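Coordinates in review
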Amino acid sequence: GCHSGTPRPRVKLDDPMSVIGSVGAVRIDAPFPTWDDIKRVRDMTKKMKLVLKGIMTREDAALAVKHGVDGVMVSTHGGDEDNAGRGALEALPEVVQEVGGKIPVLFDSGVRSGVDVFKAFALGATAVGVGRAHHWGLGAFGQEGVEAAVRILERELQAAMAQTNCASIKKIGRDALAVREWTAPA
């Protein structure tokens, strides 16, 4: 709306929809990206890595590989983008299996502790995003808080690795978990 020539109405703090609409969280008229859009971005960024965030199904993982992306990130975008009710950790194994090592599979959803990092590695993630801990640390104590948050995550991950006899990240495998298979509700 900012380039349409029609200015947006001023935000009214007593009108929640006015606030939501002003920050772009709700755009009913916005089209969803298509694989043609991904191709266009890929063609424009030949020298850059293209990673798609929000891949939650084996079908989308296969399409991502087919369309030449350099990596995928399994994420629910904070839980508000996938209405299936399935968490990203539950989707991770099928995405990893479908990709079959052709491209990296990153994980970024619900990571609150080093144990969550361990679980994501055990289910096949190539790398794990831990942004929320950084935000908590930054908000509480600035740079020192970020450094402390990272150290806590490292210690928790090291403890989980020690408890499961994993001497390195590469040694973390699915056999270190008691995995409950997810099935869709009837």
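Parameters at a glance
- Residues numbered from 1 in each chain as written.
- Predicted model: local features only at pLDDT ≥ 70, side-chain atom pairs only at ≥ 80, totals over all residues.
- Heavy atoms only, no water.
- Pairing = 2+ DSSP bridges.
- Helix = DSSP H or I, 4+ residues; strand = E, 2+ residues; numbered from the N terminus.
- Expected span 1.5 Å × (residues − 1).
- Bend = angle between axes of the 7 residues up to and from the residue.
- Buried < 20%, exposed > 50% of the residue type's maximum accessible area, 1.4 Å probe, protein only.
- Contact = heavy atoms within 4.5 Å.
- Salt bridge = Lys/Arg side-chain N within 4 Å of Asp/Glu carboxyl O.

Once that is clear, we can look at the sheet that holds strand 3 (residues 105-107). Strand pairing within a sheet occurs via backbone hydrogen bonds; the two strands may be parallel or antiparallel. Ordered in space as 1-2-3-4, the four strands form an open sheet in which the pairing is parallel. The strands lining the two open edges of the sheet, one partner per strand, are strand 1 (51-53) and strand 4 (127-128). Judged from the two bridges that link them, strand 3 and strand 4 form a sheet pairing that is parallel. Pairing of Leu106 across the sheet is with Ala127, part of strand 4.

Turning our attention to helix 6 (residues 131-163). Over its 33 residues, helix 6 runs only 25 Å from end to end, short of the ideal 48 Å by more than 12%, given 1.5 Å per residue. Along its length, helix 6 reaches its greatest deviation from straightness, about 145°, at Phe141. Buried within helix 6 we find Ala133, Gly137, Gly145, Ala149, Leu153, Leu157, Ala160 and Met161. Residues of helix 6 that are buried in the fold lie against helix 5 (114-122). Where helix 6 terminates, the next one or two residues include Asn165, which has phi positive at roughly 60°.

So, on to the pattern of salt bridges. Using the criterion set out here, one finds five salt bridges in the structure. Here Asp43 makes a salt bridge to Lys39, at a shortest N to O gap of 2.6 Å. Of the two residues, Asp43 and Lys39 both sit in helix 2 (residues 35-44), four residues apart, roughly one turn of that helix. One salt bridge in this structure joins Arg58 and Glu98, with 3.8 Å as the shortest N-O distance. With Arg58 in helix 3 (residues 58-66) and Glu98 in helix 4 (residues 88-99), this pair connects stretches of sequence that are 40 residues apart. For Arg58, a relative accessible area of 29% puts it in the partly exposed group.

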